[in-house]
Amino acid sequence: MHSPPAALATQAYSTSQIALHWLSVSLMGILILAGELRHVLTAQTGVSMRSVMIVHIGCGMALLAVTMVRTVVRISRRRAAGADFSMQDACAHAVHLFIYAFIFASCMVGWVVVNAKGLAVPVPFTNLEFPRLVAADPALVVTTVWMHDMLTWGLYGLLGLHIVAALAHHFIARDDTLSRMAWRRAPRKQAAPASFKPARVRTAASGSTAGVHFSKN
């Protein structure tokens, strides 16, 4: 069995990349749910706005950390793969980095919004808090909330483009771009059928023809 070329081998996502991707998807889903539907959640479930925003901010800080790790991993793997990649690969790489940049910028601006309101960003499950980036400033709150909204909508656009491209690869190009990010088990080795067994191989020295013949039990 021939091993795949090195250029193809570098395209496979590692287990850590797959785990970080789906962790990011989960965090972003909760983040969007708590952010965009906060008024509905508080009205329909009776959960306090403070609780919803704690979840929103906590997921935002976690997503910020995960995105920083993903950026380092992606750049390092791209360098290890070398410069032999197509224009399509380069565009996909650029879109991913833009998504990471928008996530980073949106989370950092959100951090500033919280601090500008005179509040601290707590470290989950501890009595600690993240450093305050700015002092309380009502005027800064107005500006940064607008920036946070614009960055968020820009991020939604990039995510939409990313999802459409992934679906196009799967349903139109019919390649393995989407399936490479799925959790999968290593394929099992198939055993020989029980109804057949290999006969003894007779060599050319015994005057027989070379080859393997199968006979029924």
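Sequence positions are assigned chain by chain, starting from 1 and proceeding in written order. Thresholds applied to this predicted model are a pLDDT of at least 70 for local features of residues and 80 or more for the giving and counting of side-chain atom pairs; totals over whole chains, interfaces and linings are not thresholded and use all residues. Only hydrogens and water are set aside; all other atoms, that is, all heavy atoms of the structure, feed into the side-chain values.

## Side note on the overall build of the chain
We count a stretch as a helix when DSSP gives it H or I for four or more residues in a row; a strand needs E for two or more, and each element gets its number in order from the N terminus. What the chain contains, in helices and strands, is six helices and two strands. Element order for the chain, N to C, with α for helix and β for strand: α-α-α-α-α-α-β-β. The 217 residues of the chain split such that 23% are buried. Areas reported here follow the Shrake-Rupley algorithm with a probe of radius 1.4 Å; residue values treat only the protein chains shown as occluding. Split by element, the accessible area of the chain, about 15,200 Å² in all, is 68% carbon and sulfur. Each residue is placed in one exposure class: buried if its accessible area under a 1.4 Å probe, protein chains only, is under 20% of its type's maximum, exposed if it is over 50%, and partly exposed if it falls in between.

## Considering the pattern of salt bridges
Any Lys or Arg side-chain nitrogen found within 4 Å of a carboxyl oxygen on Asp or Glu counts as a salt bridge. Per the counting criterion, the structure on display carries two salt bridges. Residue Glu-129 pairs with Arg-132 through a salt bridge whose shortest N-O separation is 3.6 Å. For Asp-176, the salt bridge goes to Arg-180, with nearest N and O atoms at 3.8 Å. Residue class for Asp-176 comes out partly exposed when judged on its relative accessible area of 42%.

## A word on the nonpolar core
Core analysis: the biggest nonpolar cluster contains 19 residues, and Leu-63, Ile-99 and Ile-103 have the highest contact counts within it. Among the elements that line this core, the one with the most residues is helix 5 (residues 87–116), at six residues. If sequence neighbours within four positions are ignored, Ile-99 has contacts with Leu-155, Leu-158, Leu-159 and His-162. Buried Ala, Val, Leu, Ile, Met, Phe, Trp, Tyr and Cys residues that are joined via side-chain atoms within 4.5 Å together make up what is termed a nonpolar core. Two residues form a contact once any of their heavy atoms are found within 4.5 Å.

## Here's the deal with helix 5
The end-to-end C-alpha distance of helix 5, which contains 30 residues, comes to 43 Å, matching closely the 44 Å that a straight helix rising 1.5 Å per residue would cover. Gly-118 sits one or two residues past helix 5 and shows a positive phi near 85 degrees. In a helix, the anticipated span is given by 1.5 Å times the number of residues less one.

## A word on the confidence of the model for the chain
For residues with low pLDDT, the predicted coordinates do not support detailed interpretation. Mean pLDDT over the chain: 82, with 76% of residues reaching 70 or higher. Highest mean pLDDT in the chain belongs to helix 6 (residues 138–173) (95); lowest belongs to helix 1 (residues 6–9) (39). Confidence of the predictor in every single residue is expressed as pLDDT, which spans 0 to 100. pLDDT under 50 marks residues 1–10. Its contacts with residues more than four places away, or in other chains, come to two contacts. Confidence drops under pLDDT 50 across residues 185–192; counting only partners more than four residues distant or on other chains, this segment forms zero contacts.

## Let's talk about the environment of Cys-59
Relative to the helices and strands, Cys-59 resides in helix 4 (residues 49–81). Given the relative accessible area of 12%, Cys-59 is considered buried. Once the C-alpha coordinates of Cys-59 and Met-28 are considered, the two residues, 31 residues apart in sequence, prove to be 7.5 Å apart. If sequence neighbours within four positions are ignored, Cys-59 has contacts with Leu-27, Ile-30 and Leu-31.

## Some points on the environment of Thr-144
Tracing the backbone shows Thr-144 in helix 6. Once the C-alpha coordinates of Thr-144 and Val-114 are considered, the two residues, 30 residues apart in sequence, prove to be 9.7 Å apart. For Thr-144, the residues in contact, after removing those within four places along its chain, are Val-109, Val-112 and Val-113. Counted as a polar contact is a pair of N or O atoms within 3.5 Å, where, for protein atoms, one must be capable of donating a hydrogen and the other of accepting one, and residues adjacent in sequence contribute only when both atoms are in side chains. Side-chain polar atoms of Thr-144 contact the backbone oxygen of Val-141, separated by 3.2 Å.

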